[in-house]
Amino acid sequence: MIPIAKPLIGEEEKEAVLKVLNSGIIAQGSLVEEFEKKFADYCNAKYAAAINSGTAALHVSLMAMGIKKGDEVITTPFSFIATANSILYTGAKPVFADIDKKTFNISPDSIAEKFTGKTKAILIVHLYGQPCNMKEINEIFDDNDLLILEDACQAHGAEYRGMRVGSLGDAGAFSFYPTKNMTTSEGGIITTNNREIIDKSKIFRNHGQTQRYYHEFIGYNLRMTDIAAAIGLAQLKKLDGFTEKRIDNAKYLTKKLEGIKGITTPYVSDDVRHVYHQYTIKVDDRDEVNKKLNEAGIGTGVHYPIPINEQPFYRKLGYDSKETPVASDVSKKVLSLPIHPSVTKENLDYIAGELKNILQ
Ligand SMILES: Cc1ncc(COP(=O)(O)O)c(C=O)c1O
């Protein structure tokens with residue numbers, strides 16, 4: 001089976017973890033601080049706060065931005081559920097905008113339509129590793145005092161017009177889950193240029209504690225461990241190499257798939273560095289094609305089969321997908337194929353060959 005994802009853990013990560021275990025300091029310590037500094041530098045952001053998942057990074061960022069009950073946050077329905085859930089955790093209301101037909105990222109025009117007097121922030125997702133159209137999104141902000149949170153959980157090292165994600169809005173949230181472009185096992189991080197957001201994030205992740213045993217806010221225990229940070233530091237050194245391999249594989253596969261009837265290969269905007277967390281095609285009869293690829297030993301993924309506003313839990317809250325028809329349509333056709341760094345050119349030739357057999 002060619003897997004759809006594979007974390008690459010080498011000797012460096014193993015040695016680094018062993019060193020932490022031998023040190024006896026195995027919860028949050030100096031390695032977390034070093035990882036925060038290096039990851040912030042990598043994103044060209046001033047500050048970072050490590051945290052124990054991407055979901056927690058989104059939740060804490062929103063709280064640190066002051067999002068609360070009564071506020072509305074505009075976001076996309078075409079993402080992993082954690083994106084919208086993080087808004088619900090704060091008591092605020094997620095408002096779903098539709099997506100762009102080509103990139104599947106949130107549509108700036110649709111954001112503008114959803115704007116009300118209660119809108120406090122926009123939570124954008126750089127889906128599959130391709131940055132959103134920041135120029136058009138920022139234009140909406142010219143007349144409005146809104147905050148932007150980037151869900152960059154799939155987009156480590158992605159760039160918009162030469163600028164790294166995680167530094168494009170008021171804050172950015174990343175995930176280091178094992179299938180992501182780099183990992184810490186479970187883990188996440190918040191990046192920002194805003195001192196107040198980072199200070200508050202560090203307080204929220206640690207029980208709302210501002211001095212030892214003095215708690216000013218309701219907080220949580222969402223800290224990263226030095227064991228996770230040690231893995232993260234080793235992975236960060238390898239990230240650009242991993243990304244180059246992803247980009248190279250994606251370009252190769254696109255060439256191979258060109259001309260196969262019924263497939264739409266990923267659209268890439270001119271002004272971005274797409275880091276291909278996922279390589280996602282559009283195809284009719286998706287479920288049938290998916291089944292046949294799996295039978296041929298090719299691992300696949302469907303990101304995502306049900307838009308968030310159609311999930312049972314969101315339906316119970318009164319949401320539906322009437323106002324997001326593009327997301328509904330695309331969710332029936334998307335199919336992700338393996339292009340991660342362990343995938344070889346022979347694997348890609350095989351994947352393209354199987355798709356050709358299935359569709360012709
Ligand atoms: C777009 C998006 N947002 C949020 C998350 C949540 O990250 P985590 O699984 O680390 O909590 C993920 C990862 O699964 C994701 O892909």
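Each remark here, short or long, concerns the structure printed above.
Keep in mind that what you see is a predicted model, and the values were worked out from it rather than measured. (Residues numbered from 1 in each chain as written. Predicted model: local features only at pLDDT ≥ 70, side-chain atom pairs only at ≥ 80, totals over all residues. Heavy atoms only, no water.)

## A look at the packing of helix H3 (residues 54-64) against helix H4 (residues 82-89)
Between H3 and H4, whose axes approach to 9 Å, the crossing angle comes to 40°. As judged from the angle between their axes, H3 and H4 are oblique. Note that H3 runs across H4; the crossing there is right-handed. Across the interface between the two elements, Thr55, Leu58, His59 and Leu62 from H3 touch Ala82, Thr83, Ser86, Ile87 and Tyr89 from H4. Partitioned by chemical class, the residues of the contact of H3 with H4 number 5 nonpolar, 4 polar and no charged. (Axes fitted to C-alpha atoms, helices over the stretch in contact; angles between N-to-C directions. Helix = DSSP H or I, 4+ residues; strand = E, 2+ residues; numbered from the N terminus. Parallel < 35°, antiparallel > 145°, perpendicular 65-115°, else oblique. Left-handed = near helix turned anticlockwise from the far one by under 90°. Contact = heavy atoms within 4.5 Å. Nonpolar A, V, L, I, M, F, W, Y, C, P; charged D, E, K, R; others polar.)

## Describing the packing of aromatic side chains
Tallied over the full model, the rule gives 14 aromatic pairs. An angle of 55° between the planes, with centres 5.4 Å apart, marks the rings of Phe35 and Phe176 as tilted. Separated by 141 residues along the polypeptide, Phe35 in helix H2 (residues 30-42) and Phe176 in the loop between strand S8 (171-175) and strand S9 (188-192) bring together distant segments of the chain. The same class applies to Phe35 as to Phe176, namely buried. (Phe/Tyr/Trp six-rings, centres within 6.5 Å; stacked < 30°, edge-to-face > 60°. Buried < 20%, exposed > 50% of the residue type's maximum accessible area, 1.4 Å probe, protein only.)

## Some words on the site of the ligand
Surveying the vicinity of the ligand reveals 16 residues, the closest of which are Gly54, Thr55, Asp151, Ser175 and Lys180. Gln154 has a polar side-chain atom sitting 2.9 Å from an oxygen atom of the ligand. The protein chains hide 92% of the 390 Å² of surface that the ligand would expose on its own. Comparing atom positions with the cavity grids shows the ligand to sit within the largest pocket. (Near = heavy atom within 4 Å. Polar contact = N/O pair within 3.5 Å; in protein donor to acceptor, adjacent residues only side chain to side chain. Areas by Shrake-Rupley, 256 points an atom, 1.4 Å probe, with all protein chains shown as cover. 1 Å grid on protein atoms, 1.4 Å probe; cavity = no way out; pocket = protein on both sides within 12 Å on 5 of 7 lines; lining within 4 Å. Sits in = over half its atoms within 2 Å of the grid points.)

## Describing the pattern of salt bridges
Using the criterion set out here, one finds 24 salt bridges in the structure. For Lys238, the salt bridge identified is with Glu13, shortest N-O distance 2.9 Å. Of the two residues, Lys238 sits in helix H8 (residues 226-257) while Glu13 sits in helix H1 (residues 11-23), which places them 225 residues apart along the sequence. Lys238 sits in the partly exposed class, given a relative accessible area of 23%. Note that Asp329 and Lys333 form a salt bridge whose closest N and O atoms lie 3.1 Å from each other. What makes Asp329 partly exposed here is its relative accessible area of 33%. Since its relative accessible area comes to 22%, Lys333 is described here as partly exposed. What emerges from the salt-bridge pattern is a single network uniting Glu12, Glu13 and Lys238. (Salt bridge = Lys/Arg side-chain N within 4 Å of Asp/Glu carboxyl O.)

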